[in-house]
Structures are given as structure tokens and as C-alpha cells.
Amino acid sequence: AKPFEWKRPAAIFFALILLASIMTFLPPRREPTAQRLYAEGTAALKSSEALAAVRLLERAVAIDPAFGLAHLALADAWADLGHLTKAKTQAQRAVELAAGLSQEHRLAVEGRHAELHGQWEKAIQRYQALWTFFPSNLEYALRLAAAQTAAGRGRGALATIETLRRSRPSLEDPRIDLAEAKMAGSQADFRRQVAVASRCASRARASRKWRILGQAKLQQGEALRELGEYGPASLEQLAARAAFVRAGDRAGFAKATHELALTDRYANRLPLAERKLATALPIFRAMGNRAGEAEVMYQLAQIAHRSGRSEEAFSEYKAALVLFHQIGHLPGESRVRADLAHLLATQGRLAESERMLEQDLIVKREFRDLLGEAFTLLSLAEQVRHRDLARGTRLLEEALSICDQTGSTRCSANVLLRLGCARREAGHFAGAEASLSRARELFRAMGSFQAANQAELRLGRLYLEQGRAGEAASLVRSALQEFRRRKTPAPEGIAWTLLAAALGAQGKRTEAAEALAQARPLLPRIQCRVETLRTRLMQAQALRSLGEAAVAGELLARAERDAKAMGSPSLRIEAALARATLGRGGRGDCSPLVALAAEAGAHSFDLLAAKATAARRSCQRTL
């Protein structure tokens with residue numbers, strides 16, 4: 001047989017078993033043909049043949065429109081294909097028809113309806129009740145843990161799994177390990193995710209459960225990718241793909257191919273990633289899996305963005321956005337909108353980016369996506385703090401509160417990283433150092449060493465601001481080794497520039513010049529205009545220490561113009577302030593410094609205001 005051929009005799013046999021079990025709780029009426037179609041449809045669904053399931057279940061509800069459980073199964077089938085609007089419609093119909101069902105099945109219908117509508121607290125309540133009333137049913141415990149994980153309540157999910165293990169110590173169902181691995185991943189505990197998924201894979205292989213083996217290998221691959229171990233991650237994903245082939249699971253095969261492409265993108269193997277996505281796309285389309293199709297288009301947009309093909313990226317993002325919208329996939333739609341906002345920001349279109357993030361925040365709140373809300377607040381704060389640092393800081397503090405509420409380490413680390421930068425810009429150096437140091441610790445604990453290196457760069461900039469140039473240089477050198485090892489040219493260019501500024505501040509002119517020479521060929525690889533401007537300011541600082549005031553002045557003038565064009569008062573004021581004090585020791589007309597101090601204060605840029613005020617006083621003393 002072909003690898004992905006659905007084996008009809010086995011499926012029909014399984015369907016007959018299901019039909020026998022269904023008869024134990026169905027009301028005495030119904031239609032035999034509809035019940036047979038329902039059994040075959042749920043068998044197809046369990047075999048990951050969602051499109052076949054849709055066709056069978058649609059026939060079942062056409063014959064018997066009052067068949068509530070068939071409507072619920074049809075909701076699951078549409079959800080597997082990514083058609084969330086249709087899934088919600090069928091789930092709603094199942095709820096309307098649930099009155100004739102037992103308490104158990106009525107609660108199950110209500111729980112699934114709540115899941116599909118993003119009503120996580122309600123879903124948790126229903127599955128908690130089901131597990132309390134029917135503790136021997138493993139499915140309800142797993143549903144409860146999944147709902148808790150999706151709600152961002154990782155600690156609750158862990159408690160559910162631990163309670164399940166204590167209550168049934170002899171149970172070795174690999175699905176328990178799979179649920180724990182997913183929970184660990186949601187909490188950014190990637191080492192635990194690898195260990196638990198590996199145990200799951202061993203149990204699944206021993207029991208010849210190929211589909212679960214494939215899912216476990218995907219969990220291992222995801223965790224290894226997040227740990228930066230791209231080679232081992234790809235090997236696990238290839239093993240997952242082989243397991244899905246053995247299971248005859250086309251959807252799993254396409255998912256594994258998609259994950260392989262994602263790993264290639266992380267590892268900056270962009271042409272390989274594009275080729276793998278080209279393999280996955282026709283499979284998703286042939287299966288009618290619109291969500292999978294939209295995900296591939298989304299990944300293609302990200303690759304185009306990273307490759308510097310901005311117009312192509314816009315086109316792919318918009319196509320993915322349209323498709324996610326058509327199928328009612330609000331999380332996907334929100335994710336694309338956030339990335340579009342990021343693309344706009346990298347091009348310096350900060351006002352447009354901010355408007356798009358405001359829209360995304362509304363969707364996240366409507367969908368009650370707490371973690372999504374925190375990350376959108378984080379992105380919005382990054383845009384807002386260019387013109388209103390106080391508001392940007394408040395948004396970050398709000399995001400951090402949500403992170404703490406959900407217990408997400410990844411969320412907390414990312415927010416603390418930006419909060420440290422905001423506190424530095426406000427002149428709150430002690431708070432900035434505490435935030436950045438904590439972010440670095442969390443990233444290291446997660447195994448996200450590249451993110452930890454980014455925290456080190458920001459700490460280095462803080463130390464340089466405080467006059468601790470030696471400590472800054474030491475930190476930056478540490479980060480540089482990792483950037484060079486991972487072949488990430490943009491962060492490496494930024495690090496060399498910061499090192500040059502730190503060395504220049506120590507009077508090590510020869511070493512500073514060498515660092516600048518290392519940075520120059522890498523700087524064009526920085527695609528974000530905001531980051532480009534920040535690096536240009538550091539470059540000017542290094543040049544100033546080398547006595548190249550004229551070149552530094554030209555860089556600062558260009559930075560000031562670009563910052564004004566993109567609508568970033570903070571970067572414009574910083575560039576103008578550096579240029580106003582360049583090469584004249586504070587002598588001359590002091591009025592520009594007076595104006596800069598006032599403007600910086602109006603935008604809550606306290607550090608810049610203090611610098612401008614100090615420069616003004618120095619200027620006035622020389623008059």
C-alpha cells in the first residue's frame with residue numbers, strides 16, 4: 001500500500017467497535033445509517049483523515065440533523081482542517097442538541113465548545129468536573145491539562161499531570177508524557193521537554209503507536225531547536241516524519257516537514273527552508289487543511305522578510321492574513337498582524353506599526369489570549385517608547401504582570417529584557433541592571449543562549465552609560481563568541497560596534513579601530529532601521545573617541561534625519577544631543593541644548609534630559 005493510503009478494512013473494523021460503544025449512550029431513537037457514518041467519520045478523524053471525516057459526518061448530520069454528537073465530531077474535523085468558523089458553528093449546534101445526552105457527554109460537548117471559542121476558564125471547569133466525576137477516564141485529565149496549557153496556566157497543567165501520575169502510578173500511557181512535554185514547552189522548560197518527550201517516544205515505540213511516536217519526536221525537535229541545537233532537532237523531526245509515514249498520517253508528515261523548514265529558518269538555512277515548505281504546501285492543500293496552508297504562507301513571508309525581500313514578505317503576509325481570516329483562525333490572524341507590524345517597524349514606519357498592534361491587542365483580549373496579549377503589549381511598548389517613554393514603560397509593566405500571572409518564563413524574560421532598556425533610558429540604572437540581569441538568568445535557564453547574549457549586549461550598553469567601560473567590553477566579548485559561532489552577522493555587527501565604543505572610552509584607540517573595522521562589513525546586514533540607527537549612534541561614539549569628529553558628525557546628522565523621518569523622537573534627540581556637543585567641549589551657542597533638554601523631558605526621556613541639562617550647564621559656564 002502507499003504510505004498515506006487510508007486502509008479501509010481496518011478503518012471499517014474500528015468503526016464497528018466505535019459504533020458498539022456509541023450505542024451504549026445514544027438515546028433509543030436515531031438513524032442506523034447516520035450512526036454508521038458517524039462511527040466511520042470518527043475513525044477517519046482518529047486516523048488524521050479530517051477531510052474524509054468531514055464528508056462522512058456531513059452525510060450523517062444531513063440524514064439526522066438532531067444527531068448532536070455527530071455535529072461535535074464534525075466540529076473537530078473542521079478544526080483539524082483549520083476551518084474554525086465552521087468548527088464553531090457545528091460545536092454550537094452540538095450544544096443546542098445536548099439536552100438529551102447524559103451529564104457526562106453534555107459536559108464533554110460544553111467543554112469542547114468552550115475550547116473552540118477560546119473560553120479557557122469555562123473549558124477548564126468542564127474538564128475538571130468530568131475528571132472529578134469520571135476519574136478513570138484518562139481522556140478527561142488530558143483534556144484538562146491541554147486547556148490549562150492553552151490558557152497559559154502551566155502550573156495548573158503540571159499539577160494535573162502530577163496528580164494523574166500519583167493516582168494511577170502503574171499507568172504508562174505515552175499520551176501523559178506527551179501532555180507533559182507540551183506543558184514544559186509552553187513554559188519554555190526545554191530541557192524537561194526533551195527528557196519527557198524522549199520517554200514518551202520510547203513508550204510509543206514499544207507499543208508500536210507510530211502516530212504518538214511522531215508527535216513525541218516533534219516535541220523533542222521543537223525543544224532542541226529552541227535550545228539552538230539545530231542538527232539534533234532536524235534529526236528528531238526526520239524521525240517524526242518517518243513515524244508518520246508508518247502511521248499513514250499525511251497530516252503528520254506535512255507537519256513534520258513544516259517543522260523541519262522552521263528549524264532550517266532558525267539556523268539561517270533559508271533556501272533549504274523554502275524547499276521544504278514547497279513540499280509541505282501541496283500536501284496541506286490536497287488534504288483541505290487551510291490552516292496548514294496558511295502556516296506555510298506565513299513561514300514563507302518570514303523567510304522573505306529575513307532575506308531582505310520586503311515587498312515579497314508583505315505579499316506573503318497579506319495572503320496568509322486573508323486565509324487565516326477566511327477560516328476564522330483568530331490566533332493565526334493575530335500572529336500575522338503582529339509580524340506585519342514588526343516589518344513596518346523595521347522599515348521605520350512606526351505610526352503604522354503602532355496602529356496595527358493596537359488592532360491586534362483588541363483581538364487578543366477578545367479571544368482571552370493572555371500570553372498573546374502580553375507579547376502584543378511588549379511589541380506595542382517598543383513602538384510607543386520612541387515618543388512616550390513613560391507610557392511605554394507602563395505597557396511593559398502591564399505585560400510583566402500578565403507573564404507572572406501565567407507563569408510563563410519565556411514571557412517574563414522577553415519583557416524584562418525590554419523593561420531593562422526602558423529603565424536605562426529613564427536613567428533608572430539600578431532597576432535597569434536588575435531587569436537585564438534577571439532576563440539573562442531566565443534565558444540561560446531556558447537554554448536560550450542567543451537571547452541571553454542579547455541581554456548581555458544591553459547590559460554592556462548600560463555599563464558603558466555608567467562609565468563602566470571595562471565591564472562592558474568584557475560582556476560584549478563573551479556575547480561575540482556566541483554570535484560568531486552561530487554565524488549571526490547582524491548581532492555580531494552590533495556587538496563589534498558596542499565593543500569599539502567601550503574600548504574607545506578606555507582610551508584603547510588601536511583596539512577600538514580594529515573592532516570598528518570588524519563591524520563595518522556586517523552593519524549592512526542589520527535589517528531593522530531602528531537598530532541601524534542605534535548602532536550608528538554607537539559607531540559615532542567610537543569614532544569620536546578616535547578623534548574622527550568630522551566623520552562622527554556626518555553619521556549623527558544622517559541619523560538625526562532618519563530618526564525624524566521615521567517618527568522616533570528618542571533617537572532624533574539622542575543624535576541631535578551627540579552632534580550638539582561633538583568636538584566643541586560644550587562651547588558656543590547653548591540654546592539648542594536648552595531646547596533638547598525641554599523636549600526630552602516632555603517625552604519622559606529622563607536620561608537624555610539629564611544629559612542635555614548637564615551639557616547646557618557646561619556650555620553656559622564657558623560663556
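Reading guide: rules and limits
- Residues numbered from 1 in each chain as written.
- Predicted model: local features only at pLDDT ≥ 70, side-chain atom pairs only at ≥ 80, totals over all residues.
- Heavy atoms only, no water.
- Helix = DSSP H or I, 4+ residues; strand = E, 2+ residues; numbered from the N terminus.
- Buried < 20%, exposed > 50% of the residue type's maximum accessible area, 1.4 Å probe, protein only.
- Contact = heavy atoms within 4.5 Å.
- Areas by Shrake-Rupley, 256 points an atom, 1.4 Å probe, with all protein chains shown as cover.
- Lys, Arg positive; Asp, Glu negative; His and termini not counted.
- Charge placed at Lys NZ, Arg CZ, Asp CG, Glu CD.
- Expected span 1.5 Å × (residues − 1).
- Disulfide = S-S within 2.5 Å.
- Phe/Tyr/Trp six-rings, centres within 6.5 Å; stacked < 30°, edge-to-face > 60°.
- Lys NZ or Arg CZ within 6 Å of the ring centre and 35° of its normal.
- Core = buried A, V, L, I, M, F, W, Y, C linked by side-chain atoms within 4.5 Å.
- pLDDT = per-residue confidence, 0-100.

S.K.: Where do I start with the overall build of the protein chain in this structure?
M.R.: From N to C terminus, the protein chain includes 32 helices and zero strands. On the principal axes, the C-alpha backbone points of the protein chain span a range of 100 × 45 × 40 Å. Classification of the 623 residues of the protein chain by burial places 57% in the buried group. Contacts in the protein chain between residues far apart in sequence, at least 24 positions, make up 58% of those at least 6 positions apart. Looking at the protein chain as shown, the accessible area adds up to about 26,000 Å², and 53% of this sits on carbon and sulfur atoms. For the protein chain, the separation between the mean place of its 92 positive charges and that of its 66 negative charges on side chains is 2 Å.

S.K.: Help me understand the side chain of Glu 236, please; the structure alone is not making it clear to me.
M.R.: With respect to the helices and strands, the residue Glu 236 is situated in helix α13 (residues 230-247). The class for Glu 236 is buried, based on a relative accessible area of 17%. For Glu 236, the contacting residues outside a window of four places in its chain are Lys 217, Gln 220, Gly 221 and Leu 224.

S.K.: Can you help me understand helix α22 (residues 409-425) in this one?
M.R.: Structural remark: α-helix, 3.6 residues per turn; residues separated by three or four positions point the same way. Over its 17 residues, α22 runs 24 Å from end to end, which matches the ideal 24 Å to within 8%, given 1.5 Å per residue. Burial of α22 is extensive: 13 of the 17 residues sit out of reach of the surface. After α22 finishes, the residue Gly 427 shows a positive phi value of roughly 80°.

S.K.: Help me understand the state of the cysteines, please; the structure alone is not making it clear to me.
M.R.: Disulfides are covalent bonds that link the sulfur atoms of two cysteine residues. Counting across every chain of the model gives two disulfides. Disulfide pairing is shown between Cys 403 and Cys 411; the S-S distance is 1.9 Å. The sign of the -55° torsion about the S-S bond sets the Cys 403-Cys 411 disulfide as left-handed. You can call Cys 403 buried: its relative accessible area is 0%. For Cys 411, a relative accessible area of 0% corresponds to the buried category. There is a disulfide in this structure between Cys 590 and Cys 619, and the S-S distance comes to 1.9 Å. Residues Cys 590 and Cys 619 are joined through a disulfide that is left-handed, its torsion about the S-S bond being -90°. With Cys 590 in the loop between α30 (569-580) and α31 (591-602) and Cys 619 in helix α32 (residues 606-622), the pair connects residues that are 29 residues apart, well separated along the chain.

S.K.: Would you take a moment to explain helix α24 (residues 449-465) for this structure?
M.R.: In this model α24 runs 24 Å from its N-terminal to its C-terminal C-alpha over 17 residues, within 8% of the 24 Å that 1.5 Å per residue would give. The first or second residue beyond α24 is Gly 467, which carries a positive phi of 85°.

S.K.: Can you walk me through the packing of aromatic side chains in this structure?
M.R.: The geometry of two aromatic rings is summed up by the distance between their centres and the angle between their planes. Under the counting rule described, the total for this entry stands at four aromatic pairs. Ring plane angle 55° and centroid distance 6.3 Å describe the contact between Phe 134 and Tyr 140, whose orientation is recorded as tilted. Between Tyr 298 and Tyr 317 the ring centres are 6.2 Å apart and the planes differ by 50°, which places this aromatic pair in the tilted class. Remark: Tyr 317 occurs in helix α17 (residues 310-326) and Tyr 298 occurs in helix α16 (residues 290-306); sequence separation between them is 19 residues. For the pair Tyr 298 and Tyr 317, one class covers both residues: buried. Taken together through their ring pairs, the aromatic side chains of Phe 133, Phe 134 and Tyr 140 make up a single cluster. The side chain of Arg 246 reaches across the aromatic face of Trp 210, ending 3.9 Å from its centre.

S.K.: Would you mind going over the nonpolar core with me for this structure?
M.R.: Within soluble globular proteins, side chains that are nonpolar tend to cluster in buried spots. The biggest cluster of nonpolar side chains holds 100 residues, and the ones touching the most others in it are Val 415, Leu 457 and Leu 499. What Leu 499 contacts, discounting residues up to four positions off in sequence, is Ala 473, Val 476, Arg 477, Leu 480 and Ala 515. Counting 31 residues, the second-largest nonpolar core is a separate cluster that includes Leu 57, Ala 70, Val 109 and Leu 116.

S.K.: Honestly, the confidence of the model for the protein chain in this entry has me stumped. Any pointers?
M.R.: Reading predicted coordinates in detail is not appropriate for stretches of low pLDDT. Mean pLDDT over the protein chain: 89, with 94% of residues reaching 70 or higher. Across residues 1-29 the pLDDT falls below 50, and counting only partners more than four positions away or on other chains, this stretch makes 41 contacts in the model.

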